[in-house]
Amino acid sequence: MPDPPAPVVELVETRALVIGIGAGHPDQVTVEAINAMRRVDVFLVADKGPEAADLVAIRTEVLRRHVTGQPRLVTVPDPARERSPRDYAKAVDDWHAARAVAYRQAIRDQLPGGGTVGFLVWGDPSLYDSTIRVLDQVGVPYDVVPGVSSVQVLAARHRLVLNRVGEAVTVTTGRRLLEAVHAGRDNLVVMLDGSLACADLDVDGWDIWWGANLGTPDEVLVAGPLGAVLEEIRKARDAAKQSRGWVMDTYLLRRRPR
Ligand SMILES: C[S@@+](CC[C@H](N)C(=O)[O-])C[C@H]1O[C@@H](n2cnc3c(N)ncnc32)[C@H](O)[C@@H]1O
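All of the points below concern the structure found in this document. Everything quoted here is computed from the prediction, not taken from an experiment. Each chain has its residues counted from 1, running along the sequence as written. Side-chain atom pairs in this predicted model are given and counted only at pLDDT of 80 or more, local residue features only at pLDDT of at least 70, and totals for whole chains, interfaces and linings cover all residues. Side-chain numbers here rest on the full set of heavy atoms in the structure, without hydrogens or water.

Near is defined per residue: the residue qualifies when any heavy atom it owns lies within 4 Å of the molecule or strand. A23, W122, S150, D249 and T250 are the nearest of the 16 residues found near the ligand. W122 places a polar side-chain atom, nitrogen or oxygen, 2.8 Å from a nitrogen atom of the ligand. In the model, an oxygen atom of the ligand is placed 3.0 Å from a nitrogen or oxygen of the L192 main chain. For this classification, Asp, Glu, Lys and Arg are treated as charged, while Ala, Val, Leu, Ile, Met, Phe, Trp, Tyr, Cys and Pro are nonpolar and the rest, including Gly, are polar. Split into classes, the residues belonging to the shell around the ligand amount to eight nonpolar, six polar and two charged. Between N or O atoms, a polar contact is any pair within 3.5 Å; within protein, one atom must be a potential hydrogen donor and the other a potential acceptor, and residues adjacent in sequence are included only when both atoms are from side chains.

If you want it as C-alpha coordinates, here you go:
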(Lines give C-alpha, C1' and ligand atoms only; values in the text may rest on other atoms or scores of the structure.)
Protein backbone atom coordinates (compact mmCIF):
# COMPACT_ATOMS: atom_id res chain seq x y z
CA MET A 1 0.00 0.00 0.00
CA PRO A 2 1.44 3.41 -0.87
CA ASP A 3 1.87 5.81 2.03
CA PRO A 4 -1.10 8.13 2.49
CA PRO A 5 -0.37 11.65 1.24
CA ALA A 6 1.21 13.87 3.85
CA PRO A 7 -1.39 16.21 5.30
CA VAL A 8 -1.17 19.71 3.91
CA VAL A 9 -0.07 21.90 6.79
CA GLU A 10 -1.95 25.14 6.49
CA LEU A 11 -0.88 28.18 8.44
CA VAL A 12 -4.29 28.71 10.05
CA GLU A 13 -3.04 28.17 13.60
CA THR A 14 -0.16 30.57 13.10
CA ARG A 15 0.08 34.23 13.98
CA ALA A 16 2.94 36.58 13.32
CA LEU A 17 4.31 39.46 15.35
CA VAL A 18 6.27 42.15 13.53
CA ILE A 19 8.35 43.78 16.24
CA GLY A 20 10.36 46.98 15.83
CA ILE A 21 13.62 46.64 17.79
CA GLY A 22 15.15 50.10 17.43
CA ALA A 23 18.03 51.08 15.22
CA GLY A 24 21.00 49.44 16.90
CA HIS A 25 21.01 49.74 20.69
CA PRO A 26 19.31 47.06 22.80
CA ASP A 27 18.20 49.76 25.28
CA GLN A 28 16.00 51.24 22.56
CA VAL A 29 13.62 48.29 22.66
CA THR A 30 10.24 49.26 24.13
CA VAL A 31 8.44 47.40 26.92
CA GLU A 32 5.68 46.55 24.44
CA ALA A 33 8.27 45.00 22.13
CA ILE A 34 9.80 42.98 24.97
CA ASN A 35 6.37 41.62 25.95
CA ALA A 36 5.71 40.72 22.32
CA MET A 37 9.08 38.94 22.01
CA ARG A 38 8.20 36.83 25.03
CA ARG A 39 5.10 35.52 23.20
CA VAL A 40 7.04 34.29 20.18
CA ASP A 41 7.75 30.58 19.57
CA VAL A 42 10.24 31.07 16.76
CA PHE A 43 11.92 34.12 15.23
CA LEU A 44 12.70 34.19 11.53
CA VAL A 45 15.60 36.37 10.38
CA ALA A 46 16.48 36.99 6.75
CA ASP A 47 20.06 35.87 6.16
CA LYS A 48 21.61 38.48 3.89
CA GLY A 49 25.09 36.97 3.80
CA PRO A 50 28.31 37.53 5.73
CA GLU A 51 28.25 41.32 5.38
CA ALA A 52 25.02 41.44 7.36
CA ALA A 53 26.18 39.00 10.06
CA ASP A 54 26.47 41.91 12.51
CA LEU A 55 22.80 42.69 12.06
CA VAL A 56 21.89 39.11 12.98
CA ALA A 57 24.26 39.38 15.96
CA ILE A 58 22.52 42.55 17.19
CA ARG A 59 19.14 40.77 17.01
CA THR A 60 20.61 37.86 18.96
CA GLU A 61 21.87 40.32 21.59
CA VAL A 62 18.44 41.98 21.82
CA LEU A 63 16.88 38.58 22.52
CA ARG A 64 19.59 37.66 25.02
CA ARG A 65 18.99 40.89 26.90
CA HIS A 66 15.21 40.80 26.94
CA VAL A 67 13.97 37.20 26.64
CA THR A 68 14.76 34.49 29.16
CA GLY A 69 15.45 30.90 28.08
CA GLN A 70 16.83 30.01 24.69
CA PRO A 71 14.66 31.73 22.04
CA ARG A 72 14.58 29.90 18.70
CA LEU A 73 16.06 32.11 16.02
CA VAL A 74 16.07 30.64 12.54
CA THR A 75 17.79 32.30 9.60
CA VAL A 76 16.07 32.15 6.22
CA PRO A 77 18.36 32.63 3.21
CA ASP A 78 17.33 35.85 1.52
CA PRO A 79 16.42 35.39 -2.16
CA ALA A 80 18.84 37.03 -4.58
CA ARG A 81 17.91 40.54 -5.62
CA GLU A 82 18.73 42.33 -8.86
CA ARG A 83 20.77 45.37 -7.82
CA SER A 84 20.48 47.60 -10.89
CA PRO A 85 17.26 46.49 -12.54
CA ARG A 86 15.73 48.28 -15.50
CA ASP A 87 12.30 48.06 -13.85
CA TYR A 88 12.94 48.79 -10.15
CA ALA A 89 9.35 48.32 -8.97
CA LYS A 90 9.01 44.94 -10.67
CA ALA A 91 12.36 43.75 -9.32
CA VAL A 92 11.25 44.66 -5.78
CA ASP A 93 7.87 42.93 -6.28
CA ASP A 94 9.60 39.76 -7.49
CA TRP A 95 11.98 39.86 -4.55
CA HIS A 96 9.11 40.28 -2.07
CA ALA A 97 7.23 37.39 -3.67
CA ALA A 98 10.30 35.15 -3.39
CA ARG A 99 10.73 36.16 0.25
CA ALA A 100 7.09 35.34 0.96
CA VAL A 101 7.58 31.83 -0.45
CA ALA A 102 10.71 31.37 1.70
CA TYR A 103 8.96 32.61 4.88
CA ARG A 104 5.91 30.46 4.28
CA GLN A 105 8.07 27.38 3.88
CA ALA A 106 10.09 28.25 6.98
CA ILE A 107 6.90 28.73 9.02
CA ARG A 108 5.61 25.35 7.86
CA ASP A 109 8.91 23.71 8.78
CA GLN A 110 9.34 25.43 12.13
CA LEU A 111 5.76 25.52 13.40
CA PRO A 112 4.02 22.49 11.91
CA GLY A 113 1.44 22.57 14.71
CA GLY A 114 0.96 26.33 14.61
CA GLY A 115 2.17 28.99 17.02
CA THR A 116 3.57 32.50 16.98
CA VAL A 117 6.30 33.49 14.58
CA GLY A 118 8.24 36.70 15.25
CA PHE A 119 10.05 39.10 12.94
CA LEU A 120 12.50 41.49 14.58
CA VAL A 121 12.47 44.55 12.38
CA TRP A 122 15.27 47.08 12.42
CA GLY A 123 14.09 50.48 13.66
CA ASP A 124 10.38 50.82 13.03
CA PRO A 125 8.48 48.51 10.66
CA SER A 126 6.72 51.44 8.96
CA LEU A 127 9.86 52.96 7.46
CA TYR A 128 11.61 51.42 4.46
CA ASP A 129 11.05 47.85 5.54
CA SER A 130 9.35 45.14 3.54
CA THR A 131 8.27 42.75 6.31
CA ILE A 132 4.66 43.96 6.40
CA ARG A 133 4.31 43.79 2.61
CA VAL A 134 5.83 40.32 2.51
CA LEU A 135 3.58 39.04 5.31
CA ASP A 136 0.54 40.24 3.36
CA GLN A 137 1.64 37.74 0.72
CA VAL A 138 2.47 34.96 3.19
CA GLY A 139 -1.12 35.02 4.35
CA VAL A 140 -0.73 34.79 8.15
CA PRO A 141 -2.56 37.21 10.42
CA TYR A 142 -0.14 39.55 12.13
CA ASP A 143 0.20 42.43 14.56
CA VAL A 144 2.80 45.18 14.47
CA VAL A 145 4.69 46.60 17.44
CA PRO A 146 6.36 49.95 16.75
CA GLY A 147 10.06 50.55 17.29
CA VAL A 148 12.36 53.53 17.65
CA SER A 149 13.43 54.40 14.11
CA SER A 150 16.84 55.66 13.07
CA VAL A 151 15.13 58.96 12.20
CA GLN A 152 14.08 59.43 15.82
CA VAL A 153 17.56 58.56 17.07
CA LEU A 154 19.09 61.04 14.60
CA ALA A 155 16.78 63.81 15.80
CA ALA A 156 17.43 63.02 19.46
CA ARG A 157 21.21 62.87 19.10
CA HIS A 158 21.29 66.25 17.35
CA ARG A 159 18.59 67.65 19.69
CA LEU A 160 16.52 68.51 16.65
CA VAL A 161 12.93 69.15 15.74
CA LEU A 162 12.74 67.81 12.19
CA ASN A 163 10.51 70.61 10.93
CA ARG A 164 10.64 74.36 11.39
CA VAL A 165 7.39 75.75 12.80
CA GLY A 166 4.48 74.89 10.52
CA GLU A 167 6.66 73.28 7.84
CA ALA A 168 6.39 69.77 6.44
CA VAL A 169 8.99 67.01 6.64
CA THR A 170 9.72 64.73 3.70
CA VAL A 171 11.28 61.35 4.28
CA THR A 172 12.93 60.02 1.16
CA THR A 173 15.82 57.98 -0.21
CA GLY A 174 19.14 59.03 -1.69
CA ARG A 175 17.86 57.87 -5.08
CA ARG A 176 14.93 60.29 -4.94
CA LEU A 177 16.58 63.21 -3.19
CA LEU A 178 16.97 65.46 -6.22
CA GLU A 179 13.33 64.96 -7.17
CA ALA A 180 12.23 66.14 -3.70
CA VAL A 181 14.58 69.12 -3.82
CA HIS A 182 13.23 70.15 -7.23
CA ALA A 183 9.72 69.83 -5.86
CA GLY A 184 10.64 72.57 -3.36
CA ARG A 185 10.77 70.51 -0.16
CA ASP A 186 12.57 72.27 2.70
CA ASN A 187 13.13 69.61 5.39
CA LEU A 188 14.33 66.32 3.98
CA VAL A 189 15.17 63.21 5.94
CA VAL A 190 17.30 61.02 3.69
CA MET A 191 17.69 57.27 4.20
CA LEU A 192 19.11 54.45 2.09
CA ASP A 193 21.72 56.68 0.52
CA GLY A 194 24.73 54.61 -0.49
CA SER A 195 26.71 57.48 -2.00
CA LEU A 196 25.85 60.78 -0.30
CA ALA A 197 23.45 62.09 -2.93
CA CYS A 198 23.44 65.45 -1.09
CA ALA A 199 26.84 66.16 -2.67
CA ASP A 200 24.99 66.85 -5.94
CA LEU A 201 22.99 69.74 -4.43
CA ASP A 202 23.91 73.40 -4.37
CA VAL A 203 25.95 72.93 -1.20
CA ASP A 204 25.62 76.59 -0.17
CA GLY A 205 21.84 76.30 0.05
CA TRP A 206 21.52 73.66 2.77
CA ASP A 207 22.35 72.72 6.35
CA ILE A 208 22.83 69.06 7.25
CA TRP A 209 22.54 66.97 10.41
CA TRP A 210 24.11 63.58 9.67
CA GLY A 211 24.42 60.40 11.76
CA ALA A 212 25.93 57.00 11.06
CA ASN A 213 25.57 53.69 12.89
CA LEU A 214 23.36 55.45 15.42
CA GLY A 215 22.91 53.59 18.67
CA THR A 216 25.97 51.39 18.09
CA PRO A 217 29.40 51.87 19.68
CA ASP A 218 30.59 53.35 16.35
CA GLU A 219 27.98 56.10 16.22
CA VAL A 220 29.23 59.25 14.44
CA LEU A 221 27.52 62.63 14.20
CA VAL A 222 28.36 65.63 12.05
CA ALA A 223 26.32 68.81 11.56
CA GLY A 224 26.77 72.17 9.87
CA PRO A 225 26.43 74.00 6.55
CA LEU A 226 26.52 71.32 3.83
CA GLY A 227 29.40 72.89 1.92
CA ALA A 228 31.52 73.19 5.08
CA VAL A 229 31.02 69.65 6.42
CA LEU A 230 30.57 67.48 3.33
CA GLU A 231 34.20 66.34 3.25
CA GLU A 232 34.16 65.58 6.98
CA ILE A 233 31.03 63.46 6.47
CA ARG A 234 32.59 61.62 3.53
CA LYS A 235 35.65 60.75 5.63
CA ALA A 236 33.63 59.74 8.69
CA ARG A 237 31.41 57.58 6.48
CA ASP A 238 34.39 55.80 4.93
CA ALA A 239 36.03 55.29 8.34
CA ALA A 240 32.81 53.84 9.84
CA LYS A 241 32.49 51.47 6.91
CA GLN A 242 36.10 50.36 7.24
CA SER A 243 35.91 49.71 10.97
CA ARG A 244 32.72 47.66 10.93
CA GLY A 245 32.39 46.48 7.36
CA TRP A 246 29.11 48.34 6.94
CA VAL A 247 27.68 51.76 7.50
CA MET A 248 24.10 52.92 7.84
CA ASP A 249 23.55 56.64 7.77
CA THR A 250 20.61 58.99 7.85
CA TYR A 251 20.51 62.75 7.61
CA LEU A 252 18.29 65.77 7.76
CA LEU A 253 18.80 68.41 5.09
CA ARG A 254 17.23 71.79 5.66
CA ARG A 255 17.05 74.48 3.01
CA ARG A 256 18.59 77.74 4.18
CA PRO A 257 16.35 80.80 4.11
CA ARG A 258 16.92 82.62 0.79
C1 LIG B 1 16.11 49.41 5.16
S2 LIG B 1 16.10 50.97 5.94
C3 LIG B 1 15.42 50.54 7.49
C4 LIG B 1 14.94 51.72 8.30
C5 LIG B 1 14.40 51.29 9.65
N6 LIG B 1 13.15 50.60 9.50
C7 LIG B 1 14.22 52.47 10.59
O8 LIG B 1 13.11 52.67 11.10
O9 LIG B 1 15.21 53.14 10.87
C10 LIG B 1 17.78 51.15 6.27
C11 LIG B 1 18.19 52.62 6.34
O12 LIG B 1 17.80 53.13 7.60
C13 LIG B 1 18.77 54.03 8.08
N14 LIG B 1 19.33 53.45 9.32
C15 LIG B 1 18.96 52.30 9.91
N16 LIG B 1 19.64 52.10 11.04
C17 LIG B 1 20.47 53.15 11.18
C18 LIG B 1 21.43 53.52 12.16
N19 LIG B 1 21.67 52.75 13.23
N20 LIG B 1 22.09 54.70 11.99
C21 LIG B 1 21.84 55.49 10.92
N22 LIG B 1 20.95 55.18 9.97
C23 LIG B 1 20.26 54.03 10.09
C24 LIG B 1 19.82 54.17 6.98
O25 LIG B 1 19.44 55.24 6.15
C26 LIG B 1 19.66 52.86 6.25
O27 LIG B 1 20.12 52.97 4.91
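When the centres of two rings from Phe, Tyr and Trp lie within 6.5 Å, Trp using its six-membered ring, the rings pair. Their planes under 30 degrees apart give stacked, over 60 give edge-to-face, and anything left gives tilted. Throughout the structure, instances matching the rule amount to one aromatic pair. Where Y103 meets F119, the ring centres are 5.0 Å apart and the plane angle is 55 degrees; that geometry is what we call tilted. One end of the pair, Y103, is in helix α3 (residues 88-110); the other, F119, is in strand β4 (residues 115-121), and 16 residues separate them in sequence. Three labels apply to residues, based on accessible area from a 1.4 Å probe with only protein chains included: buried if under 20% of the type maximum, exposed if over 50%, partly exposed otherwise in between. Classification of Y103 by relative accessible area gives buried; the value is 5%. You can call F119 buried: its relative accessible area is 3%. Any Lys NZ or Arg CZ found within 6 Å of a ring centre and within 35 degrees of that ring's normal is scored as a charge over the ring. Here the guanidinium or amino end of R175 rests over the ring plane of Y88, the centre of that ring lying 3.9 Å away. Per the convention used, a helix needs a DSSP run of H or I reaching at least four residues, while a strand needs a run of E reaching at least two, with both numbered from the N terminus.

Take the pairing of strand β6 (residues 170-173) next. For two strands to pair, DSSP has to find at least two bridges joining them. Judged from the four bridges that link them, β6 and strand β7 (residues 187-191) form a sheet pairing that is parallel. Residue T170 lies in a different strand from β7, and its bridge partner there is L188.

Before going further, it helps to spend a moment on a nonpolar patch on the surface. Put simply, a patch holds well-exposed residues, over 30% relative accessible area, that have no salt bridge, with like charges counted together within 9 Å and Val, Leu, Ile, Met, Phe, Trp or Tyr side chains within 5 Å. Each accessible area is a Shrake-Rupley result for a 1.4 Å probe, and residues are judged covered by the shown protein chains and nothing else. Salt bridge, as used here: a side-chain nitrogen of Lys or Arg that lies within 4 Å of a carboxyl oxygen of Asp or Glu. Residues Y128, V169, V171 and L192 make up a contiguous nonpolar surface patch of roughly 350 Å² in combined accessible area. Within the element layout of this structure, V171 appears in strand β6. For V171, a relative accessible area of 35% translates into the label partly exposed.

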